[in-house]
Each structure stands twice: as C-alpha cells, then as structure tokens.
Amino acid sequence: MKAIVKTEDRPGSYAVLDVPIPDPGPGDVLVEMKAMGLCYTDVSILNGQYRGRKPVPVPMVMGHEGAGVVAKIGEKVRSVNAGTLVGLEALSGCGVCHNCRNGDKNMCSNWDHLGITYDGTFAEYVRVPERLVHPLPAGVELADAAVLEPLSLVARSLEHLKPFVGESAAIIGPGSVGLLHLQALRAAGVSKTIVIGLDVDATRFEIAERLGATHVVNASRENPVETVMKITEGRGADMVIEAASSPKVWDYLLDLAAARGRISTFGLYPESSFNPLKLLRSGLTIYGDVAFLERHFMRAIEWLASGKVSGRALITKRFRLEDAGEAFGAFQARETVKCLFER
Ligand SMILES: [Zn+2]
Ligand SMILES: [Zn+2]
C-alpha cells in the first residue's frame, strides 16, 4: 500500500513509499483510510521540531487525523464490522499509571499516539486498537470526520471555558483549532466572535467571515488590544482562545481579556513571556490541557451530526497521498485552513 513515511531522524525527511498492509491483531481493526487531515503536529514532526513525551520512531507512517471504512477486524472485536464508517481517535494511555486509572489518559507519561509513536493515517490502510475506532452516525461525511481530532480539542476547551449566552470571545489564530472554536462558540450562543490573525492569513480571514466571525482583526495592521477593547466597549473579551502556534501572542494576550476572563491556550511552543501581575489584577483563569478524552471525541461527532459545526468548511485544498510535498508546502504557506488527503 502507498504511505507517507517519515524516513529518517532528520528535518524534512519523508518519502511516499510502498509498504506492506498491516495485519490486525485479535483486538485490532484495519481501517481503509478515505479522508485524512494534515495538521501542525505532523508538520512539526516532519521538520524535526516536535518535542513530545517519547522520541518519534523512524521509519514511521505519518498522520494522526482521519476517517475511513473498516476493512477487517480482529477476532475479539465486537463494536464494528467490515464496512462500518469510522472516525479515529489517536491517543492511548497505558491504562495502569495513576493518571490513566484516574481517567486522565491524556496525562499518561507512557502514552501511545497514532502517527507520533506508531504508524499513522497517511496510508491506504491503518491498524488501530478497537477502542480508538468510533462508528459515524448517518449524515456525517468522511471529509467532516477527518477533523474530529482537532474538533475534540475544541470540545475539551469549551468544557473548561463554559461559554455563556451573550458573551464575547477573542480567538487568536485562524487555523483549524481557531475556526472550529469559532463555530462551536457561535453554536453556544456567544454573541461577539473576534478572530485575530496576520497578513499571511488573508484566505483564513475570508473563511472566518463565512463561518460567522463578527469581527476579524489583522494584527499585522492594527493593534489587536485597542481593536478588541473598542469592540467590547472597553471591557475586553470574556474568553480568549490562544490557537496561534506562536509565543509572540503572549505579549498582548492577557490584555485582551475582560475582568474574570477565561483563557484557553494551546501553547505549542516551549517558551513565552508572561506577566503574572496582569493575571492577578484582572482575576484571570488560564486553562491548558493536552489532547482529549473519549467524551470529547463523542461530543465532536454530535456537533458534526447536528450540522452546527462543519469540518468541510475548513478544507479548501485536497491532495492525493503521492502529492505529499505539495500538501506540506500549501499548509506551511497557510494557503488553506485544513489540507486533506483523500482516496
Ligand atoms: Zn492534529
Ligand atoms: Zn498511563
């Protein structure tokens, strides 16, 4: 089968190779992949910048987002059959450490993760443990289901933020996590949704407006704090979502928040500046978390099934597995929100 493989422990090394189709063990499911999302984590693995809890093995099939059709099941599998359309969760805990036993498999220090610690979704077939496979309800298209992983992060984030009807939200970073927040916050009744990006985000701003952002702010051209204050009558935003993948936003992030504001950060970088005095003065709460739990994935499936959140709306470019180079280039140039591999 065809697969995009990280070939060596060296920045930028990958190849589209012909590799054997994996055989499912007794508790495994073999899924024929149909729609696979490319995300920031994949590109940071490609570029050798990923700093996870375990080293990324090589060679390894890349990719951790995706949906497809069950091709074959192991003898102990009960929840799906060949032909079932499924979305794939990506993270498994060890099951026996304190955090796993406490229901926090995302905090497991010995976790396994599709496309990070073992062969992932950028292939014609992927082998996964049954517990990571979720059947899709009728009406959820595979291209929508390809965003279930980032949408689950948003479900987790909203569980922390607890949005209330009529509130305001500033979303920094109009990538997938940002624009999925936008849709989910609108569905939750948040009335002002302010999306902040840069000059390079022109395409993403258009998508944000189409998805109902009440304001878009280009921080390359205007001072985001002044603009957000103007929009919120000088109060600041009730919620701030940091989905920017850049530590520079911490220079102004806390200044965007209203008194008692809640901040959800995705902080995918090792260091940033941070002024605790601002935190104290405004009584802010910052939520950080990693990955998500089953309940967030199930909620994400419901969002898609209800039609309140669209994954497809973020996809403006579609690629074949053999066009991996083009897809990596388009993602890094921010020509789209979500790059999708399709089969
Ligand atoms: Zn992802
Ligand atoms: Zn564990």
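Just so it is clear, the structure is predicted and the values come from calculations on it, not from any experiment.

Q: I'd like a description of the overall build of the protein chain, backed by residues and values.
A: On a plain count of helices and strands, the protein chain comes out with 10 helices and 18 strands. For the protein chain, the C-alpha radius of gyration of 20 Å lies close to 20 Å, the compact-globule estimate for 343 residues. Overall, the C-alpha framework of the protein chain stretches about 60 × 40 × 35 Å when taken along its three principal axes. Taken over 343 residues, the protein chain has a buried fraction of 53%. Long-range contacts, defined as pairs at least 24 residues apart, comprise 67% of the intrachain contacts of the protein chain with a sequence gap of at least 6. For the protein chain, the accessible area works out to roughly 14,700 Å², and carbon and sulfur atoms hold 50% of it.

Q: Which residues make up the sheet that holds strand β4 (residues 60–61), and what values do they have?
A: Taken in spatial order, the three strands of this open sheet run β2-β1-β4, and their pairing is antiparallel. Where the open sheet ends on each side, the last strands, each with one partner, are β2 (15–18) and β4. Both strand β1 (residues 2–6) and β2 contribute to a ladder of four bridges, which runs antiparallel. From the neighbouring strand, alanine 3 faces β2, where its bridge partner is leucine 17.

Q: Outline unusual backbone geometry, listing residues and values.
A: In the segment running from valine 58 into proline 59, the intervening peptide bond is cis, with an omega of -10 degrees. Along the chain, proline 59 falls in the loop between α1 (40–46) and β4. The phi angle at arginine 260 is positive, at roughly 65 degrees, despite the residue not being glycine. Examined against the element boundaries, arginine 260 turns out to sit in strand β15 (residues 257–265). The backbone phi angle of alanine 291 is positive, close to 50 degrees, even though this residue is not glycine. As for its position among the elements, alanine 291 is in the loop between β16 (285–288) and α9 (294–306).

Q: Mind laying out the coordination of the zinc ion (ligand 1), listing which residues take part and the relevant values?
A: Within the protein, Cys39 (SG), His64 (NE2), Glu65 (OE) and Glu149 (OE) serve as the donor atoms for the zinc ion (ligand 1), at 2.1 to 2.4 Å. All donors of the zinc ion (ligand 1) belong to a single chain; written as a sequence motif, their spacing is C-x24-H-E-x83-E. The buried category is assigned to histidine 64, whose relative accessible area is 1%.

Q: Please give an account of the nonpolar core that cites residues and values.
A: Ranked by size, the top nonpolar core spans 39 residues in total, and within it Leu148, Leu151, Leu179, Leu182, Leu185, Ile241 and Trp303 carry the most contacts. When residues of this core are traced back to their parent elements, those giving at least two are α4 (148–161), β11 (168–172), α5 (176–187), α6 (202–210), β14 (237–242) and α9. A total of seven residues in this core trace back to one element, the largest contributor, which is α4. When residues are assigned to domains, this core turns out to be shared by domain 1 (2–147 + 311–342) and domain 2 (151–288), each giving three or more. Residues contacting leucine 148, with those up to four places away along its chain left out, are Gly87, Leu136, Phe297, Ala300, Ile301 and Leu304. Core analysis: the next-biggest nonpolar cluster, separate from the first, contains 29 residues, Phe122, Val128, Ala327 and Ala330 among them.

Q: Explain the packing of α4 against α5 to me, and be specific about the residues and the numbers.
A: In contact at an axis separation of 9 Å, α4 and α5 are set at 55 degrees when each is read in the N-to-C sense. Between α4 and α5, the interaxial angle falls into the category oblique. Classified by chirality, the crossing of α5 by α4 is right-handed. Where α4 abuts α5, its residues Pro150, Leu151, Leu153, Val154, Ser157 and Leu158 lie against Val177, Leu180, His181, Ala184 and Leu185. Residue classes in the contact of α4 with α5 are distributed as nine nonpolar, two polar and no charged.

Q: Run through the pairing of β11, naming residues and quoting values.
A: One face of the sheet, then the other: side chains in a regular strand alternate in exactly this way. Buried residues dominate β11, accounting for five of its five residues. With burial as the criterion, each face of β11 is covered, one bearing Ser168, Ala170 and Ile172 and the other bearing Ala169 and Ile171. Here five bridges tie β11 to strand β12 (residues 192–197), and the two strands are oriented parallel to one another. Looking at β12, one finds that serine 168 is bridged to lysine 192.

Conventions and cut-offs
Residues numbered from 1 in each chain as written. Chains lettered and ligands numbered in written order. Predicted model: local features only at pLDDT ≥ 70, side-chain atom pairs only at ≥ 80, totals over all residues. Heavy atoms only, no water. Helix = DSSP H or I, 4+ residues; strand = E, 2+ residues; numbered from the N terminus. Rg over C-alpha atoms; globule rule 2.2 N^0.38 Å. Buried < 20%, exposed > 50% of the residue type's maximum accessible area, 1.4 Å probe, protein only. Contact = heavy atoms within 4.5 Å. Areas by Shrake-Rupley, 256 points an atom, 1.4 Å probe, with all protein chains shown as cover. Pairing = 2+ DSSP bridges. Donors = N, O, S within 2.8 Å, 3.2 Å for Na, K, Ca; no water. Core = buried A, V, L, I, M, F, W, Y, C linked by side-chain atoms within 4.5 Å. Domains from an automatic or database assignment. Axes fitted to C-alpha atoms, helices over the stretch in contact; angles between N-to-C directions. Parallel < 35°, antiparallel > 145°, perpendicular 65-115°, else oblique. Left-handed = near helix turned anticlockwise from the far one by under 90°. Nonpolar A, V, L, I, M, F, W, Y, C, P; charged D, E, K, R; others polar.

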